[in-house]
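For reference, the chains in residue letters:
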Amino acid sequence: MMMNWQAMLDDAPAYRAKREEFDREGFVLFESVLDQAILTEIRNALAPYLAADIAGRNDFEGLKTNRVYAMLAKDRIFADLVCHPLALAFAESDLGKECLLSACLAINIHPGETVQPWHYDDSHYRLPRPRQSMGVSAFWAIDETTELNGATEIIPGSHIWPEQNLPGGNTLATFGDKRVRNVDDDPGARSDSVQVTMKPGSLMLAKGTLWHRGGANRSGESRMIITPQYCPGWTRQLENMALAVPPAIAATLPERARQLIGYSIHPPFMGYVDGMHPSRVLADA
């Protein structure tokens, strides 16, 4: 892994400047954080799951998109990715040291996929806006993302907006929408949005209240990102990590990865098992 991000973390003024940008814009971008060897390892680990070519179930998941879930049970490389110090520096700063991994998935968008509905990643908490973000989402570019192949589209500064929904935004009905749309169909087109193009290995971090969406893929090739999403340690995770990562596999993960999936305690004692710390129970098992 390239070290320019480490120099930023070690430089207090540089890190503070990035934090201020994150708080102001709702997102921040770091170029070329992962090197080619790591990217190759990630692609190889995902290859058998992408080969199954399981498409999304609705307009939100994407009818021409592959999504791979339960990733920490599939290969150790994904545990290393969710524990990356750069992503955790921002997640822990916003959500606390006891933050959890809410979800982690790979999103592989194929040619012809349409734009996603506008959404924000912590909307499942159903709390009125404007409010403090209840999540931090990492977007790791495994392939280059461009305006042509569907780079993630964001609305800078929208993390502080009061709006509960937007034109072309996600609703409960979206999850039952299986209509096949034209790639140029865009009911949520806006003049204040930007597509965040990224070179392979780059990282975008976004607050859970930032409005964003996956872009339409008008190219001839697929493009893939991996998105670990973090939440406060006292909230429920989107993905049921107790079943997504069986205990036998969890026991083999790095300690920080185990903590992130729930083998940890939020003070004073949220998360105990039979009156004990979950890591003790896992070790005994």
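First, a word on scope: everything that follows refers to the structure included in this document. The shown structure was predicted, so the numbers you read here are calculated from the model rather than taken from an experiment.

Rules of the game
Residues numbered from 1 in each chain as written. Predicted model: local features only at pLDDT ≥ 70, side-chain atom pairs only at ≥ 80, totals over all residues. Heavy atoms only, no water. Salt bridge = Lys/Arg side-chain N within 4 Å of Asp/Glu carboxyl O. Helix = DSSP H or I, 4+ residues; strand = E, 2+ residues; numbered from the N terminus. Buried < 20%, exposed > 50% of the residue type's maximum accessible area, 1.4 Å probe, protein only. Axes fitted to C-alpha atoms, helices over the stretch in contact; angles between N-to-C directions. Parallel < 35°, antiparallel > 145°, perpendicular 65-115°, else oblique. Left-handed = near helix turned anticlockwise from the far one by under 90°. Contact = heavy atoms within 4.5 Å. Nonpolar A, V, L, I, M, F, W, Y, C, P; charged D, E, K, R; others polar. Core = buried A, V, L, I, M, F, W, Y, C linked by side-chain atoms within 4.5 Å. Pairing = 2+ DSSP bridges. Expected span 1.5 Å × (residues − 1). Bend = angle between axes of the 7 residues up to and from the residue. Phe/Tyr/Trp six-rings, centres within 6.5 Å; stacked < 30°, edge-to-face > 60°.

### Re the pattern of salt bridges
Any two side chains of opposite charge can pair, given that their charged atoms come close.
At step 1: Overall, the coordinates contain 19 salt bridges when judged by the stated rule.
At step 2: Asp 94 is the partner of Lys 207 in a salt bridge, and the nearest nitrogen-oxygen pair spans 2.7 Å. You can see Lys 207 sitting in strand β7 (residues 203-207) and its partner Asp 94 sitting in helix α5 (residues 85-95), a full 113 residues away along the chain. Here Lys 207 and Asp 94 have matching classes, each one buried.
At step 3: Between Asp 186 and Arg 213 there is a salt bridge, with the nearest N and O atoms lying 2.8 Å from each other. Residue Asp 186 is located in the loop between β5 (153-154) and β6 (194-195), and its partner Arg 213 is located in strand β8 (residues 212-213); the two are separated by 27 residues in the primary sequence.
At step 4: Within the structure, one salt-bridge network assembled from shared partners comprises Arg 19, Asp 23, Asp 94 and Lys 207.

### As for the packing of helix α2 (residues 12-25) against α5
At step 1: Contact geometry for α2 and α5: axes closest at 12 Å, N-to-C directions at 60°. Taken together, α2 and α5 sit at an angle that is classed as oblique. Judged by the sense of rotation from one axis to the other, the crossing of α2 with α5 is right-handed. Along its contact with α2, which presents Tyr 15, Lys 18, Arg 19, Phe 22 and Asp 23, the element α5 presents Ala 89, Phe 90, Ser 93 and Asp 94.
At step 2: Its residues placed into classes, the contact of α2 with α5 shows four nonpolar, one polar and four charged.

### Remarks on the nonpolar core
At step 1: Ile 42, Leu 46, Leu 72, Trp 140, Leu 205, Ile 226 and Tyr 230 are the most contacted members of the largest nonpolar core, which totals 53 residues.
At step 2: With seven residues, the top contributor of residues to this core is α5.
At step 3: Those residues in contact with Leu 46, other than ones at most four positions away along the chain, are Val 68, Met 71, Phe 78, Ala 106, Met 224 and Ile 226.

### Things to note about the sheet that holds strand β9 (residues 223-231)
Pairing between the strands of a sheet is mediated by backbone hydrogen bonds and can be parallel or antiparallel.
At step 1: Across the sheet, six strands lie side by side as β1-β7-β4-β9-β3-β2; this open sheet has antiparallel pairing. The open sheet has two free edges, formed respectively by β1 (27-30) and β2 (65-68), since each of these has just one partner strand. Neighbour to neighbour, the strand axes of the sheet diverge by 20° on average, direction disregarded.
At step 2: In this sheet, β7 lies alongside β1 in antiparallel orientation, the contact comprising four bridges. From the neighbouring strand, Leu 29 faces β7, where its bridge partner is Met 204.
At step 3: In the packing of α2 onto the sheet, contacts are made with β1, β4 (136-141) and β7, and the angle to β1 comes to roughly 135°.

### Comments concerning helix α3 (residues 36-51)
At step 1: If you check α3, its first and last C-alpha atoms are 22 Å apart, about what 16 residues at 1.5 Å a residue would give, namely 22 Å.
At step 2: Where α3 bends most, the angle comes to about 35°, and this point is Ala 45, followed within four residues by the proline Pro 48.
At step 3: Among all positions in α3, only Ile 38, Leu 39, Ile 42, Ala 45, Leu 46 and Leu 50 are buried.
At step 4: Of the surrounding elements, those touching the buried residues of α3 are β2, α4 (76-82), β3 (100-109), β4 and β9.
At step 5: Downstream of α3 by one or two residues, Asp 53 has phi in the positive range, about 50°.

### As for the packing of aromatic side chains
At step 1: Within this structure, the stated rule accounts for six aromatic pairs.
At step 2: Consider the rings of Tyr 15 and Phe 90, whose centres lie 5.5 Å apart with planes at 75°: the pair is edge-to-face. Of this pair, Tyr 15 sits in helix α2 while Phe 90 sits in helix α5, and the two are 75 residues apart along the sequence.
At step 3: An angle of 85° between the planes, with centres 5.4 Å apart, marks the rings of Phe 22 and Phe 90 as edge-to-face.

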